[in-house]
Amino acid sequence: LLDDGPEREYLQARVKTDGLENHVFFLGYRDDIINLMAAADLLVHPSLTEASNGAVKEMGLAQRSVIACRGVGDFSQYLNESNSFLVEMETPEAEITNVLKMVYQNKSILYEKGYYLQQTVKVQFSINRKVVEHVISKL
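Our subject in this report is the structure included herewith. Model, not experiment: these values are computed from the prediction. (Residues numbered from 1 in each chain as written. Predicted model: local features only at pLDDT ≥ 70, side-chain atom pairs only at ≥ 80, totals over all residues. Heavy atoms only, no water.)

Okay, the nonpolar core next. Core analysis: the biggest nonpolar cluster contains 23 residues, and V56, V66, I67, F75, L79, F85 and V103 have the highest contact counts within it. Listed by contribution, the elements that provide at least two residues to this core are β1 (42-45), α3 (54-61), β2 (65-69), α4 (75-78), β3 (85-87), α5 (92-105) and α6 (108-125). In contact with V66, not counting residues within four places along its chain, are L42, L43, V56, M59, L79, S84, F85 and L117. (Core = buried A, V, L, I, M, F, W, Y, C linked by side-chain atoms within 4.5 Å. Buried < 20%, exposed > 50% of the residue type's maximum accessible area, 1.4 Å probe, protein only. Helix = DSSP H or I, 4+ residues; strand = E, 2+ residues; numbered from the N terminus. Contact = heavy atoms within 4.5 Å.)

Our next topic: the sheet that holds β1. Spatially, three strands are ordered β1-β2-β3 in an open sheet, and the strand pairing comes out parallel. Strands at the two margins of the open sheet, each flanked by one partner only, are β1 and β3. Neighbour to neighbour, the strand axes of the sheet diverge by 15° on average, direction disregarded. The pairing of β2 with β3 spans three bridges and is classified as parallel. The residue bridging I67 from the neighbouring strand is F85, located in β3. (Pairing = 2+ DSSP bridges. Axes fitted to C-alpha atoms, helices over the stretch in contact; angles between N-to-C directions.)

Dropping the structure here:
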């Protein structure tokens, strides 16, 4: 887990209670984020208010999987069931827990979704004629 948010103490206690000290690491603030994203298996992004998120796209470029809330920001324009794990805004905690349990049992699904997210991000956000024409049309 990265950064030092207000829930850090609670999360550290929970990790200890659940006996996960050898599986969950609290790294604090880091500025080598791209290296950490490439080394990660999964980004859990439970935001309910993002307009657009670079971290999710960057995880895609690194061919990594993401969990995000359905219907938040621009996620519906490029995240779907084949390239990400989508959870409902009303019950993200329970659904995130279920996804984590599932991928712990079957890590190959992480790589499959990461691959498809990378392809989606490359097509939709690379500099190509479609993107250039879209940007120009907004001017």
